[in-house]
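The lines below spell out each chain.
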Amino acid sequence: MSKILLHDLDHIKEKKLTEQKNYKAMLMVCTGTGCVSAGSFTLYDLLKKELKDRNLEKDFIAVPTGCNGFCAQGPIIVVQPEGILYQKVKENNISEIIEQHLINGKLVEKLMYKDRLSKKPIPKMKDIQFFGKQMLIALRNRGIIDPGNIEDAITRGAYKALSKALTKMKPEEIIKEVKKSAIRGRGGGGFPTGIKWESCYKAAINRKEKPYIVCNGDEGDPGAFMDRSIVEADPHAVIEGMTIGARATGAEEGYVYIRKEYPLALERLRKAINDAKEYGLLGEDILGTGFKFEIKIHQGAGAFVCGESTALMASMEGKAGEPRAKYIHNVEYGYRNKPTILNNVETWANIPVIIDKGAKWFASIGSGDVSESPWNGSTGTKVFSLVGDIVNSGLVEVPMGITLREIIYHIGEGIPNDRKFKAVQTGGPSGGCLPESLLDLPVDFDKLTKAGSMMGSGGMIIMDDRTCMVDVAKYFINFLKDESCGKCIPCREGLILLYEILDNITKGKGQDTDIEIIEQICDTMVNSSLCGLGQTAPNPVLSTLKYFHDEYIDHINNKKCPAGKCKDLIKFEINDNCTGCVLCDKNCPVEAISGELKKKYQIDQTKCIQCGICYDVCKYNAVTIN
Amino acid sequence: MSFVNNDLKKVNKIIKKWNSDNEYVIEMLQDIQDEFRYISKEALEQLNKETKVPLANLYHIATFYKAFSLEPKGKFEIQVCLGTACHVKGSQRVLEAFERELNIKDGETTSNKLFTIEVVRCLGCCSLSSVITIGNDLFGEVRPSQVPKLLKKYI
């Protein structure tokens with residue numbers, strides 16, 4: 001492919017659309033990480049082979065796509081243009097889909113999603129409740145394009161915004177538009193992107209330096225995987241966003257910092273960058289306009305703190321990822337000490353849409369009045385990973401301002417196994433746990449922060465009544481204790497102390513003074529840690545103390561874990577439901593279970609290690625946790 | 001494990017792949033880790049020679065990031081995800097089941113150098129929690145009772 005010019009974008013689109021019209025149907029096979037682990041690459045290969053063997057290649061085509069977000073139901077195949085969704089597809093279903101659906105035109109009912117209450121099959125993707133309230137901006141191309149095919153992306157409008165930014169807008173106008181859209185950083189901090197760009201633009205002019213564009217794809221928050229999905233589903237959205245950022249600030253070099261643990265995302269991003277170069281959408285003289293910009297990749301090596309902006313810059317320079325004091329700003333002295341714009345994957349993926357559809361359109365979505373300042377609201381959409389104890393777990397993109405209840409009970413369809421909702425954790429390790437009484441809270445940057453949690457990168461972990469909140473707090477503190485870089489004392493020592501106290505509480509060794517000491521340590525950490533990691537680290541403890549105070553008291557005073565989670569405070573016992581089926585005895589790793597066949601079994605508490613395997617394997621609800 | 005001439009060639013090849021650019025020492029170390037399953041003293045010394053990054057800094061990097069190990073890892077690395085979603089779904093007990101079955105703790109390698117257990121925080125497929133990987137294979141919705149069966153495939 002030779003380099004393309006501005007008008008070629010439309011030609012590619014027209015050519016591709018004509019090509020697509022020749023097919024009676026296109027089978028979109030989800031190849032996001034979730035579906036891949038369930039075998040979707042094999043399905044794709046098989047489907048392609050079957051279509052070829054049966055001489056159906058002229059009428060039908062199989063397309064590998066990025067993540068649809070409906071991960072728990074994978075592997076997923078969507079038959080377009082009607083949008084028929086087949087879930088949990090297995091290899092032996094492929095010939096059925098071909099014969100029954102493609103050849104005979106009859107839908108395969110058994111592979112359809114069933115409504116949870118009425119059990120009625122729902123053929124079309126858009127009618128499934130999970131997809132209904134979603135609004136796709138960052139994930140606009142998910143499930144629709146082959147992420148490895150640049151022409152697919154162009155057909156869906158990729159690089160159209162870039163050509164507008166290159167030919168019809170001056171750098172200042174781009175910055176003004178981004179500012180007016182009031183988009184705030186999707187990586188966690190929620191800093192208004194336009195203000196960041198403007199500061200960098202000014203710093204670059206004042207210092208007569210070329211700035212750098214950096215994309216943060218480190219995504220260290222446990223429980224969040226939206227950045228991975230965006231890169232896997234639509235890498236060109238990120239490339240286009242970064243190139244527009246470069247045009248706005250005069251940068252000529254950009255970097256994507258991405259985790260090595262995401263091999264598929266890395267592979268697709270590499271291919272997308274190479275394709276973009278080949279098509280003349282990156283490199284010298286982009287689209288024949290004389291503008292030049294290059295993107296390179298840096299691979300993260302597993303350090304949560306590298307999501308912190310200054311630590312990320314250090315890591316990109318080939319050093320250990322330790323943060324530095326915050327009075328030096330990246331927009332002035334960032335990567336290689338040059339003015340640098342750092343935004344995360346999701347933010348960059350939003351930029352082309354803002355330029356294409358305009359700031360006014362973008363700002364009309366979301367909450368708050370941003371006409372005076374972007375700080376007054378949260379505009380656009382946010383991608384959340386809805387996981388944990390939830391019926392429809394997966395990736396969802398919703399307008400800002402939607403309530404937690406709508407996300408959890410409408411899109412997520414509530415808690416499985418008729419359990420009771422207990423808490424929702426947002427914002428990763430720097431966020432907090434919110435209780436049932438706050439379910440009607442609108443989800444936006446400021447409301448979440450006010451409630452003691454935060455937006456973070458968008459992890460939303462739902463917990464049912466079997467989750468112990470002291471254990472959850474201990475879990476996060478343990479995580480942060482390991483991930484603290486150790487440079488400043490309040491964070492390093494504070495986390496070790498917090499962990500010890502929480503560990504004692506969960507072991508039934510809590511003392512009356514513990515809560516007071518916890519609060520003092522948290523206060524010190526919030527006020528005197530060097531970077532955001534330490535300053536926000538106490539959030540999981542403070543929010544659980546605030547909303548689940550009684551649970552701490554139960555652990556400390558009564559030596560009880562009401563949720564039945566803390567091993568040292570619980571006992572596994574067998575009740576009268578036991579049929580003597582021997583399954584628990586067979587699976588017990590320490591031979592603590594004994595009894596006679598077809599009679600009630602018993603657990604020897606002196607041998608039991610509370611591993612819970614008997615509880616898992618019992619089919620008669622005969623094992624109880626006391 | 002001794003470092004032979006051939007190993008040195010491999011290290012040099014990796015360094016060359018990244019143009020001896022000291023901004024890419026983390027990537028070089030990743031490749032060395034992939035190739036040898038650990039970072040040896042000799043490899044660090046060679047890196048120091050070729051990139052001019054001080055040995056102390058290289059050691060700092062090799063011990064700072066989770067991906068690197070100064071001890072050889074087993075043939076199959078078992079990554080047990082303890083991300084938040086997995087934790088809620090009881091992955092701690094999955095980890096304990098692996099530790100029990102293999103008689104090693106997190107971070108350790110079996111004496112036959114077959115398995116290393118490694119706790120990771122989030123593999124980014126939270127909808128499938130609890131998630132583990134063995135070598136290049138990813139398994140979702142793992143329960144502690146399935147662990148012995150999972151391991152059998154690799155022995």
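Everything numeric in this text was worked out from a predicted model, so none of it was measured.

(A) Molecular detail of the overall build of chain B. Secondary structure summary: chain B contains seven helices and four strands in total. Order of helices (α) and strands (β) in chain B, N terminus to C terminus: α-α-α-α-β-α-α-β-β-β-α. With respect to the three principal axes, the spread of C-alpha positions in chain B is 50 × 30 × 25 Å. Put simply, chain B has 155 residues, and 45% of those count as buried. Sequence separation of 24 or more characterises 60% of the internal contacts of chain B that already satisfy a separation of 6 or more.

(B) Expanded view of unusual backbone geometry. Residues and elements named next belong to chain A. The step from Gly 74 to Pro 75 runs through a cis peptide bond, and the omega angle for that step is -5°. With respect to the helices and strands, Pro 75 occurs in the loop between strand S2 (60-65) and strand S3 (77-80). In this structure, the amide linkage connecting Gln 80 to the following residue, Pro 81, adopts the cis form with an omega of 10°. Turning to its location among the elements, Pro 81 is positioned in the loop between S3 and strand S4 (84-86). A positive phi is found at Lys 559, a non-glycine position, where the angle reads about 55°. Structurally, the position occupied by Lys 559 is in the loop between helix H23 (549-557) and strand S18 (572-574). With phi around 75°, Val 582 is a residue other than glycine that occupies positive phi space. Here Val 582 shows up in the loop between S18 and helix H24 (583-587).

(C) Molecular detail of the interface of chain B and chain A. Facing the 37 residues of chain B at the interface are 43 residues of chain A. Elements with a contribution of two residues or more to the side of chain B that touches chain A: helix H2 (25-36), helix H4 (55-64), helix H5 (84-88) and helix H6 (91-102) of chain B.

(D) Quick peek at the domain arrangement of chain A. Residues and elements named next belong to chain A. In terms of domains, chain A is made up of domain 1 (8-132), domain 2 (150-378), domain 3 (380-464), domain 4 (469-557) and domain 5 (571-625). Inter-centroid distance (C-alpha atoms) of domain 2 to domain 4 is 34 Å. Each partner contributes residues to the interface: domain 2 has ten residues there, and domain 4 has eight residues. Residue classes in the side of domain 2 that touches domain 4 are distributed as six nonpolar, one polar and three charged.

(E) Structural detail: the sheet that holds strand S10 (residues 340-344) of chain A. Residue and element names in this part refer to chain A. Strands sit in the order S9-S8-S7-S10 across an open sheet of four strands; the sheet is parallel. Every interior strand has two partners, whereas the edge strands, strand S9 (294-300) and S10, have only one. Strand-to-strand twist in this sheet, taken as the mean axis angle between neighbours without regard to direction, amounts to 20°.

Rules used throughout
Residues numbered from 1 in each chain as written. Chains lettered and ligands numbered in written order. Predicted model: local features only at pLDDT ≥ 70, side-chain atom pairs only at ≥ 80, totals over all residues. Helix = DSSP H or I, 4+ residues; strand = E, 2+ residues; numbered from the N terminus. Buried ≥ 20, exposed ≤ 12 C-beta atoms within 10 Å, placed from the backbone. Contact = placed C-beta atoms within 7 Å. Domains from an automatic or database assignment. Nonpolar A, V, L, I, M, F, W, Y, C, P; charged D, E, K, R; others polar. Pairing = 2+ DSSP bridges. Axes fitted to C-alpha atoms, helices over the stretch in contact; angles between N-to-C directions.

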